[in-house]
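Descriptive structure summary
Here's the letter readout for the chains.
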Amino acid sequence: MEHIRSKKLYEEAKKYIPGGVNSPVRAFKSVGLDPVFIEKAKGSKVYDVDGNSYIDYICSWGPLILGHSNDEILDGIEEVLNRGTSYGIPTEIEVKMAKLITEAYPSVDMVRMVNSGTEATMSALRVARAYTKRNKIIKFEGCYHGHSDALLVKSGSGTLTYGVPTSPGVPKGTVEDTIVCTYNDIESVENIFNEQGEEIAAVIIEPVAGNMGVVPPKKEFLERLRKITKDYGTVLIFDEVITGFRLAYGGAQEVYGIEPDMTCFGKIIGGGLPVGAYGGKREIMKMVSPVGDVYQAGTLSGNPLAMYMGYKTIMKLKENKHIYDEIENKAKRLEEGFKENINKLDIDAEVNRIKGMLCLFFAEGPIKSYDDVSRCNTKKYGIYFREMLQRGVLMPPAQFEGIFLSTEHKDEDIEKTIKASYEALKIAYE
Ligand code: PLP
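Note that this is a predicted model, so its numbers are computed, not measured. Starting afresh in each chain, residues are numbered from 1 along the sequence in its written order. In keeping with the predicted nature of the model, local features appear solely for residues at pLDDT of at least 70, side-chain atom pairs appear and are counted solely at 80 or more, and the whole-chain, interface and lining totals rest on all residues.

Structural notes on the overall build of the protein chain
Short version of the rule: Secondary structure elements are defined from DSSP: runs of H or I of at least 4 residues count as helices, runs of E of at least 2 residues count as strands, and each element is numbered from the N terminus. The size measure is the radius of gyration over C-alpha atoms, and the globule rule it meets is 2.2 Å times the number of residues to the 0.38 power. The contact criterion used is a C-beta to C-beta distance within 7 Å, with each C-beta placed from the backbone.
Looking only at helices and strands, the protein chain features 15 helices and 16 strands. In terms of overall size, the protein chain behaves like a compact globule, its C-alpha atoms giving a radius of gyration of 21 Å where 430 residues would be expected to give roughly 22 Å. Seen through its C-alpha atoms, the protein chain measures out along the principal axes to roughly 55 × 55 × 45 Å. When contacts within the protein chain are restricted to residue pairs at least 6 apart in sequence, long-range pairs at least 24 apart make up 73% of them.

Quick look at the site of the ligand
Using the following cut-off: Whether a residue is near a molecule or strand depends on its C-beta atom, generated from backbone atoms, being within 6 Å of that molecule or strand. Throughout this entry, Asp, Glu, Lys and Arg are counted as charged residues, while Ala, Val, Leu, Ile, Met, Phe, Trp, Tyr, Cys and Pro are counted as nonpolar. The remaining residues, Gly among them, count as polar.
Taken together, 16 residues form the shell around the ligand, and within it S116, G117, T118, G146 and V241 come nearest. If one sorts the elements of the shell around the ligand by residue count, helix α5 (residues 117-132) sits on top with 3 residues. Considering only residue class, the shell around the ligand consists of 4 nonpolar, 10 polar and 2 charged.

A word on the packing of helix α7 (residues 186-196) against helix α8 (residues 219-231)
Counted only if it meets this: Fitting a line to C-alpha atoms yields each axis, with helices limited to the stretch in contact; the angle taken between N-to-C directions then spans 0 to 180 degrees. Roughly parallel means an angle under 35 degrees; roughly antiparallel, over 145; roughly perpendicular, 65 to 115; everything else is oblique. The handedness criterion is simple: a crossing whose near helix is rotated anticlockwise from the far helix by less than a right angle is left-handed, and one whose near helix is rotated clockwise is right-handed.
Running from N to C, α7 and α8 point in directions that differ by 10°, and their axes come no closer than 10 Å. Taken together, α7 and α8 sit at an angle that is classed as roughly parallel. Between α7 and α8 lies a crossing whose hand is left-handed. Between α7, through I186, V189, E190 and F193, and α8, the contact on the second element is made entirely by F221, R224, L225 and I228. Here the residues of the contact of α7 with α8 are counted per class, giving 6 nonpolar, no polar and 2 charged.

A short note on the UniProt feature "coiled-coil region" (unreviewed entry) in the protein chain
Just so we agree on the cut-off: UniProt positions are given in the numbering used here, feature names are shortened, and annotations may be inferred rather than shown by experiment.
Mapped onto the present numbering, the UniProt feature "coiled-coil region" (unreviewed entry) falls at residues 317-344. Helix makes up 93% of residues 317-344 and strand makes up 0%, while its end C-alpha atoms are separated by 37 Å.

Topic: the nonpolar core
Looking at soluble globular proteins, one finds that nonpolar side chains tend to be buried together. Short version of the rule: What makes a nonpolar core is a set of buried Ala, Val, Leu, Ile, Met, Phe, Trp, Tyr and Cys residues, with links drawn between C-beta atoms within 7 Å. Partly exposed residues are those falling between the two cut-offs: more than 12 but fewer than 20 other C-beta atoms within 10 Å of their own, whereas 20 or more means buried and 12 or fewer means exposed, with C-beta atoms placed from the backbone.
Counting 122 residues, the largest nonpolar core has I101, A124, A128, A202, V235, I237 and A277 as the members making the most contacts within it. Filtering out sequence-adjacent residues up to four positions away, V235 remains in contact with A128, Y131, T132, A201, A202, D261, M262 and I284.

Notes on the UniProt feature "modified residue: N6-(pyridoxal phosphate)lysine" (unreviewed entry) in the protein chain
UniProt tags K267 as "modified residue: N6-(pyridoxal phosphate)lysine" (unreviewed entry). Residue position: K267 is located in the loop between β12 (262-265) and β13 (276-280). Leave out the neighbours within four places in its chain, and K267 touches G62, P63, G117, V241 and I242.

Details of the sheet that holds strand β2 (residues 45-48)
The strands making up a sheet are joined through hydrogen bonds of the backbone, oriented either antiparallel or parallel. Selection criterion: Any two strands with at least two DSSP-identified bridges between them are counted as paired.
Strand order in the open sheet formed by 4 strands is β1-β2-β3-β16, with mixed pairing between adjacent strands. What marks the edges here is a single partner per strand, and that holds for β1 (38-42) and β16 (393-394). Sheet topology note: the β1/β2 ladder contains 4 bridges and is antiparallel. Bridge pairing links K42 to K45 in β2.

Structural notes on unusual backbone geometry
Here the bond from S289 into P290 is cis, since omega is 15°, no more than 30 degrees from zero. Of note, the bond from G365 into P366 is cis; its omega dihedral lies within 30 degrees of zero at -5°. Considering the arrangement of structural elements, one finds P366 in the loop between β15 (357-361) and α13 (370-374). Even without being glycine, C59 reaches a positive phi, approximately 50°. Mapped onto the secondary structure, C59 falls in the loop between β3 (53-56) and α2 (71-74). Of the residues examined, C59 has 25 C-beta atoms within 10 Å and is grouped as buried. Although it is not a glycine, K355 sits at a positive phi angle of roughly 50°. In this structure, K355 sits in the loop between β14 (350-354) and β15.

Structural notes on the pairing of β3
Bridge analysis of β2 against β3 gives 3 bridges, and the strand direction is antiparallel. Looking at β3, one finds that Y47 is bridged to S53. Taken together, β2 and the strand that follows it, β3, pair antiparallel across an intervening segment of 4 residues, in which G51 is found at a positive phi of about 85°. In terms of strand pairing, β3 meets β16 through 2 bridges, oriented parallel. In the sheet register, I55 faces β16, and the bridge partner there is V393.

As for helix α11 (residues 304-319)
Threshold: The length a helix should cover is 1.5 Å for every residue beyond the first.
The end-to-end C-alpha separation of α11 is 22 Å, in line with the 22 Å expected for 16 residues at 1.5 Å each. Looking at α11, one finds that the buried residues are L305, A306, M307, Y308, M309, G310, Y311, K312, T313, I314 and L317. On its buried face, α11 sits against α2, α3 (77-83), α4 (92-104) and α12 (322-345).

Considering the packing of α12 against helix α15 (residues 411-428)
Orientation of α12 relative to α15, taken along the N-to-C sense of each, is 25°, at an axis distance of 9 Å. By the criterion of interaxial angle, the relationship of α12 to α15 is roughly parallel. Helix-helix and strand crossings are classified by hand; for α12 and α15 the assignment is right-handed. On α15, the residues touching K330, R333, L334, G337, F338, N341 and L345 of α12 are I414, T417, I418, S421, Y422, L425 and K426.

Laid out in structure tokens, this is it:
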């Protein structure tokens, strides 16, 4: 498999774009390769500029639950485009979209559209802080909520600690109100609440962690989180940017039967165009400008093209809920195939799966927290990724990302992936 044109483009790109990419993980750095440049995509496949094709398990990092350039979703987009690309003045589809989301998520009475998941979480926190008139927030180690300053914090290995900025350029002052707790460890949260519960504005969490591979929550952990936040008048924010409309139509909150106070969305609700959204109880959302005083705005928010793609995607999911069972069955088959491979090769690897979300970890299980995830052999994952790519399978170019499936992944894609995975694992563990 040749990557001549990709390499050329990458050299050129590096001259003008930091690292040659517009989002770091695209550089394939952690898997020790130069990135492939994509020319087009259809269904479950992406095609690079050298004419190679790959079964795609990135799916644009989650938005494309109906596969690439889905004809049904694209139908009519030209007409929308020809009517105008953006007005900065309200449109009907924004109302339809908001109604659709609030109907799907009983915990969300009102919703505000933004342009990315980062904006959604950043804005939700601002509202939660204004609502509670408190400053401190809790996040969890290994959960990613976009790259706004206050959330760009990593914790000291598995312990409770005040935030240390993960990135230079984040002022210490911006994160000193960010407290990091341990995912799936309710005691780490209760200890903080016992000391300073009355000062905590919000707890933000990925209800199923999807940014340290896939780590499902213990149900009791989420339930106790709900209880303690309620007891202290703290706003519980579910970051469902990945899980929203993916784990189930009603997201993780439907699966676990827990109602947060606020929810953040992104990815699927844009159908592949840039969208995010945050919403919640009416009482809280009424804080947002122009009804309330919490300022939050966006030149392109509620963009008609993005709304069209997102609306059609959600409608398709709403009218075809069997899609969730179908995707789960594919994920189950992948899990089963991966596990068979692991057993045959007798290697230390683990598969986590919940519904249609899964991840192959290069470490002995169980994988329940960020500490467990940190044990993964990323070097071996790099070899695995490269071998998979050679076999026409595009896995996420980092160990700590989940595998994204779509309706367009066919049985033959899945079987080919399991077979390639056996060969790639064998080489990685040699
Ligand atoms: N929240 C979660 C759970 C995410 O996975 C991501 C991105 O992957 C974000 C927030 C940030 O979204 P965006 O990249 O659209 O800013």
